[in-house]
Amino acid sequence: MSAGTASPGLVVTATDPSRSFLSSAATSPDLSADLRDLAYALSSEPSVPYRSIRAIWCADSSPGRPPLRQLLQGAQFVLSSPKPREKSDELKARLEKLREMQERREYAELVKDVAPKEDNTEPFSSYKDQLGFECCGRHLRSGGWHADGNSSFHHQIIQ
């Protein structure tokens, strides 16, 4: 089994008894030409499809045929990795956007001591800020002046 060939079903590593059996089956007159060719091709492979070795074994009626269990003794299963899934274009775009956002955050963290502070606060952005301004504004509109001409704030400091 070459690396580029896809084989359906169970695949096992070739053992010395299985290679010997396949070599003798390649020259056996009891098998059809197709099975002899298959046995010859598989005899030099590092792994063998179970279905193929079983088909050759079943068709071989020679008296010296070893038990199938003996052919598979010590063989390992050959498991192929699944093909990686392809990411959709939508997912790729989202991942790229998230990667850029993460890079910006990392950069901002890196230069936070050097870069000027960004003022993200809007004036009067909250109800509390508006109330605070209103109270000060009311104080200023009323004049905050006493009859003696001093401001109440100034008057409190002097006293």
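Here's what I pulled together on the structure shown here. Since the structure is predicted, the reported quantities are computational estimates derived from the model, not experimental observations.

About the thresholds
- Position numbers for residues start from 1 in each chain and track the written sequence from start to end.
- Only residues with pLDDT of 70 or above have their local features reported here, since the model is predicted, and side-chain atom pairs are shown and tallied only from 80 upward, although totals for entire chains, interfaces and linings are computed over all residues.
- Calculated side-chain values reflect all of the structure's heavy atoms, with hydrogen atoms and water omitted.
- Strands are runs of DSSP state E lasting at least two residues, helices are runs of H or I lasting at least four, and both sets are numbered from the N terminus onward.
- Here's how the labels work: a residue is buried when its accessible area is under 20% of the maximum for its type, exposed when over 50%, partly exposed in between, all with a 1.4 Å probe on protein chains only.
- Should any heavy atoms of two residues lie within 4.5 Å, those residues are considered in contact.
- Each accessible area is a Shrake-Rupley result for a 1.4 Å probe, and residues are judged covered by the shown protein chains and nothing else.
- Buried Ala, Val, Leu, Ile, Met, Phe, Trp, Tyr and Cys residues form a nonpolar core when they are joined through side-chain atoms within 4.5 Å.
- Arc, as used here, means the arc of the directions from the helix axis to the C-beta atoms.
- The axes are straight lines fitted to the C-alpha atoms, using for helices just the contacting stretch, and the angles between their N-to-C directions are given from 0 to 180°.
- For classification purposes, an angle smaller than 35 degrees is called roughly parallel, one larger than 145 roughly antiparallel, one from 65 to 115 roughly perpendicular, and anything else oblique.
- Crossings are assigned a handedness: left-handed for a near helix turned anticlockwise from the far helix by less than a right angle, right-handed for a clockwise turn.
- Residue polarity follows a fixed list, in which Ala, Val, Leu, Ile, Met, Phe, Trp, Tyr, Cys and Pro are nonpolar, Asp, Glu, Lys and Arg are charged, and the others, Gly among them, are polar.

## Brief notes about the overall build of the protein chain
Part 1 of the argument: Within the protein chain, the secondary structure is distributed over seven helices and two strands.
Part 2 of the argument: Listing the helices and strands of the protein chain from first to last along the sequence gives β-α-α-β-α-α-α-α-α.
Part 3 of the argument: Counting across all 159 residues of the protein chain, residues that qualify as buried make up 19%.
Part 4 of the argument: Contacts in the protein chain between residues at least 24 apart in sequence constitute 60% of all its contacts with a sequence separation of at least 6.
Part 5 of the argument: Surface exposure of the protein chain reaches about 12,900 Å², of which carbon and sulfur atoms provide 55%.

## Describing the nonpolar core
Part 1 of the argument: Counting residues in hydrophobic clusters, the biggest one holds 15 residues, and the most contacted among them are F21, L22, A39, V48 and I56.
Part 2 of the argument: At the level of secondary structure, the elements contributing two or more residues to this core comprise α1 (16-26), α2 (33-42), α3 (50-59) and α4 (68-72).
Part 3 of the argument: Ignoring any residue separated from it by four or fewer positions in sequence, one finds L22 in contact with A39, L42, S43, V48, I53 and I56.

## Some points on α3
Part 1 of the argument: For α3, the set of buried residues is S52, I53, I56 and W57. The arc enclosing the buried residues of α3, seen along the axis, measures out at 130°, which places them on a common side.

## Comments concerning the packing of α1 against α3
Part 1 of the argument: Taken N-terminus to C-terminus, the directions of α1 and α3 make an angle of 55°; their axes are 11 Å apart at the nearest point. The pairing of α1 with α3 is recorded here as oblique in orientation. In this structure, α1 crosses over α3, and the sense of that crossing is left-handed. On the side of α1, the interface is formed by S18, F21, L22 and A25, while α3 contributes I53, I56 and W57.
Part 2 of the argument: By residue class, the composition of the contact of α1 with α3 is six nonpolar, one polar and no charged.

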